[in-house]
Amino acid sequence: MAIKQFKTESKRLLDLMANSIYTNTDIFLRELISNASDALDKKHILSLTDSSIEETSPHINIDINKKDRTITITDNGVGMDKKELEDNLGTIAKSGSFEFKKDLSEKDEADIIGQFGVGFYSAFMVAEKVEVISKKVNEDKAYKWTSDMDGYEITSSNKQETGTQITLFIKKNTKEKKYDKYLESSEIQMLVKKYSDYIRYPIEMMIETYDYQEDGTSQKVNKLQTLNSMKPIWKKNKKDISQDDYDEYYMQEYYDYSKPLKTIHYKVEGNTSYTALLYIPSQRPFNYFTNDYKLGLKLYSRGVFIKDEASEIVSDYFRFIRGIVDSDDLSLNISREILQQDHQMNVLKKSVDKKIKSTLETMLEKDRDNYEKFFDNFGSQLKYGCYDNFGINKDVLIDLLMFKSSKEDKYVTLKEYVSNMKKSQKEIYYASGESIEKIKQLPQLEKVLDKGYEVLYFTDSVDEFLTSIIREYDSKPFKSILKGDLDLDSKQEKEELDKKTQDNKDIIDNIKEILKDKVSDVKLSNRMKSYPACLVSDDNLSIDMEKVLKQLNQENVKANKILELNPDHDLFKELKKLNDDKKDISEYAELLYDQASLMAGLELEDPSKFAKTLSELMLKAIK
Ligand code: ADP
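Values in this document were obtained by computation on a predicted structure and should not be read as measured data.

Rules behind the numbers
- Residues numbered from 1 in each chain as written.
- Predicted model: local features only at pLDDT ≥ 70, side-chain atom pairs only at ≥ 80, totals over all residues.
- Heavy atoms only, no water.
- Axes fitted to C-alpha atoms, helices over the stretch in contact; angles between N-to-C directions.
- Helix = DSSP H or I, 4+ residues; strand = E, 2+ residues; numbered from the N terminus.
- Parallel < 35°, antiparallel > 145°, perpendicular 65-115°, else oblique.
- Contact = heavy atoms within 4.5 Å.
- Nonpolar A, V, L, I, M, F, W, Y, C, P; charged D, E, K, R; others polar.
- Near = heavy atom within 4 Å.
- Polar contact = N/O pair within 3.5 Å; in protein donor to acceptor, adjacent residues only side chain to side chain.
- Core = buried A, V, L, I, M, F, W, Y, C linked by side-chain atoms within 4.5 Å.
- Buried < 20%, exposed > 50% of the residue type's maximum accessible area, 1.4 Å probe, protein only.
- Salt bridge = Lys/Arg side-chain N within 4 Å of Asp/Glu carboxyl O.
- Pairing = 2+ DSSP bridges.

With respect to the packing of helix 8 (residues 343–366) against helix 9 (residues 368–391)
Here is step 1 of the chain: Taken N-terminus to C-terminus, the directions of helix 8 and helix 9 make an angle of 125 degrees; their axes are 6 Å apart at the nearest point. The angle between helix 8 and helix 9 falls in the class oblique. Contacts from Leu360, Met363, Leu364 and Lys366 of helix 8 reach helix 9 at Arg368, Asn370, Tyr371 and Phe374.
Here is step 2 of the chain: Looking at side-chain class alone, the contact of helix 8 with helix 9 contains 5 nonpolar, 1 polar and 2 charged residues.

Pasting the structure below:
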């Protein structure tokens, strides 16, 4: 049988594991036990629908052979057939292009291992050779996969019992690391207790103990003992669990190298009784907003695993939540299709949603810093939730939303914004743009801020869609400061502007004519202080929405643009003189429009023309 090579990426990861300096090698055992436990879960699930699969008492066995320097972990779970051995152990399913640098820092190493998950390959942290013998349920043949890291081979085997047996040939001690300890049963007992105590299947090992006789003498005997308490962490008494225990469980279940931001462990008794251990991650998974992301919520019934990705029991807008829900009432034989329509599921979902919501509310109120961290990661998810389905869930979520605002650039909730509104203010002002820095440069912003209003910064592309769905908060409509008339001027200011408009009718009409294909109107405005011109849109579609729609390939949807001119700006005054002298001002008008477009974040229609005109003008100015 030929030796096969690992795929390049897998080989690199293997080397990294084998030579890992920073990663705690102890974890190999918990990884293998956790795979064994998954395999037992899978077999159990299969047996629910396939009567030919008999449920033998599920267990995991550990065997140490000091002489051969081996440790063997055996389970009677689903097992793997030849192809699965090849696919699962020969390559790493999650392909990713990670740069394997020569000198890895602790963080690099954690990042890489974290990205791939530690898993089966961690065996090579302590073993120089690994042998996996497996027989899949309902198959006659068993196979053996062997690897000394340089490659692997698969041969047949005569294993009788269904399941998987993994033998590690433990490395020899080196100066830096002592591997011998993994051949001590006391060490293995300790590691199981520490990392795998909650595993729901018995983890058994032969242990040497003393058997006391009636006559008072004792005798050394080997006894099969169960090393783990089998009580899942969520079933334990809260006072017996430390935050470290919770964190540890989370990090190993979700391959997350950072501790959770929030742990929620609770029990509900009543109509629907259940225990839940939920976590809010402190970092957004890298694939969170892609189709690859999988909901990390598991459903159990009385401690028995029912299913992964249990989207039936939590609303989509809380899909960042991870953990387990263990129901006391679910019937175990419930099929997955029925699960979806089940009334009990709906009750469960309502209850879980409610708990997550109230936890977030409390964080927002009492633990603002952490809430903001949460919001940085998952705020967009809540906004989508608010906006989705025409805002059907907006009442649930609206008070959990935050936006950065012109007041110290910090997050505010809508409630906070409204309570800070000026007496005369009737609308909630916002400005949208790519980033806070860009919004701050908008000419339209100056005056509003000068007058002492607070403006919400909409930097998320969903923000403006959101306001178009929810429209108002506390009866105060949302109003873009980049759209239409803001009506901020006093009566006197309005009269003055009317008068200036009269006095400048000629030049305004002229610019309107020059730009007639580009803008729907040209107006004087009090909106700006130091800028000569800006673009606004009418009340319908905003310029920012136009940009978002363009990204969605809706090229034809355009905002109605209005060019606003600042009559108090020197440039305007000089232009008026030129216009009064019947000089051609079309180049200047176009430049003003181009400038305003750039500030609004729009692409120039004809950048080379813009550059040419600008250089000609520069030349004139220099000469
Ligand atoms: P992960 O567990 O994250 O999928 P691993 O590298 O630990 O990654 O394992 C790869 C795959 O090999 C598993 O998904 C599983 O299908 C299979 N596998 C590993 N150990 C066992 C086992 N003891 N019994 C059955 N299948 C196993």
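Anyway, onward from the coordinates.
Some thoughts on the site of the ligand
Here is step 1 of the chain: Asn35, Ala36, Ala39, Lys42, Asp75, Met80, Asn88, Gly119, Phe120, Thr164 and Tyr255 make up every residue found near the ligand.
Here is step 2 of the chain: Between the ligand and asparagine 88 there is a distance of 3.3 Å, counted from an oxygen atom to a side-chain nitrogen or oxygen.
Here is step 3 of the chain: Threonine 164 has a polar side-chain atom sitting 3.3 Å from a nitrogen atom of the ligand.
Here is step 4 of the chain: Looking at which element gives the most residues to the shell around the ligand, the answer is helix 2 (residues 27–49), with 4 residues.

Some words on the nonpolar core
Here is step 1 of the chain: Leu278, Phe320, Val325, Leu360, Tyr371, Phe374 and Leu382 are the most contacted members of the largest nonpolar core, which has 68 residues in total.
Here is step 2 of the chain: Top contributing element to this core by residue count: helix 8, with 7 residues.
Here is step 3 of the chain: Apart from residues no more than four positions distant in its own chain, leucine 360 is found in contact with Ile280, Phe318, Phe320, Tyr371, Phe374 and Leu400.
Here is step 4 of the chain: Among the nonpolar cores identified, the runner-up in size contains 64 residues, and Phe120, Phe124, Tyr249 and Phe305 belong to it.

Considering the pattern of salt bridges
Pairing between side chains of opposite charge can happen when the charged atoms of each approach one another.
Here is step 1 of the chain: Across all of its chains, the model carries 41 salt bridges by this definition.
Here is step 2 of the chain: Its salt-bridge partner being glutamate 361, residue lysine 357 comes within 3.6 Å of it at the nearest N-O pair. Note that lysine 357 and glutamate 361 are positioned in helix 8 at a spacing of 4 residues, about one turn of the helix.
Here is step 3 of the chain: With relative accessibility at 22%, the residue lysine 357 sits in the partly exposed group.
Here is step 4 of the chain: The partner of lysine 505 in a salt bridge is aspartate 509, with the nearest N and O atoms 2.8 Å apart. With lysine 505 and aspartate 509 both in helix 16 (residues 505–514) and 4 residues apart, the pair spans about one turn of that helix.
Here is step 5 of the chain: A cluster of three or more residues bridged by salt bridges with shared partners is formed by Asp26, Lys181 and Glu187.

Digging into the pairing of strand 19 (residues 476–480)
Here is step 1 of the chain: The sheet contact formed by strand 16 (residues 428–432) and strand 19 spans 3 bridges and is parallel. In the sheet register, tyrosine 429 faces strand 19, and the bridge partner there is lysine 479.
Here is step 2 of the chain: Pairing of strand 18 (residues 472–473) with strand 19 involves 2 bridges; the strand directions are antiparallel. Residue pairing in the sheet places tyrosine 473 in a bridge with lysine 476 of strand 19.
Here is step 3 of the chain: Linking strand 18 back to strand 19 in an antiparallel pair, the connection comprises 2 residues, with aspartate 474 at a positive phi of about 50 degrees.

Observations concerning the environment of tyrosine 457
Here is step 1 of the chain: Along the chain, tyrosine 457 turns up in strand 17 (residues 456–458).
Here is step 2 of the chain: With 20 residues separating them along the chain, tyrosine 457 and glutamate 437 place their C-alpha atoms 10.0 Å apart.
Here is step 3 of the chain: Not counting the four nearest positions on each side in its chain, tyrosine 457 is found in contact with Lys404, Ser405, Ser406, Asp409, Ala431, Ile436, Ile439, Lys440, Leu445 and Asp463.

Concerning the side chain of threonine 413
Here is step 1 of the chain: By the element assignment, threonine 413 lies in strand 15 (residues 411–413).
Here is step 2 of the chain: Residue threonine 413 is classed as buried on the basis of its relative accessible area, which comes to 7%.

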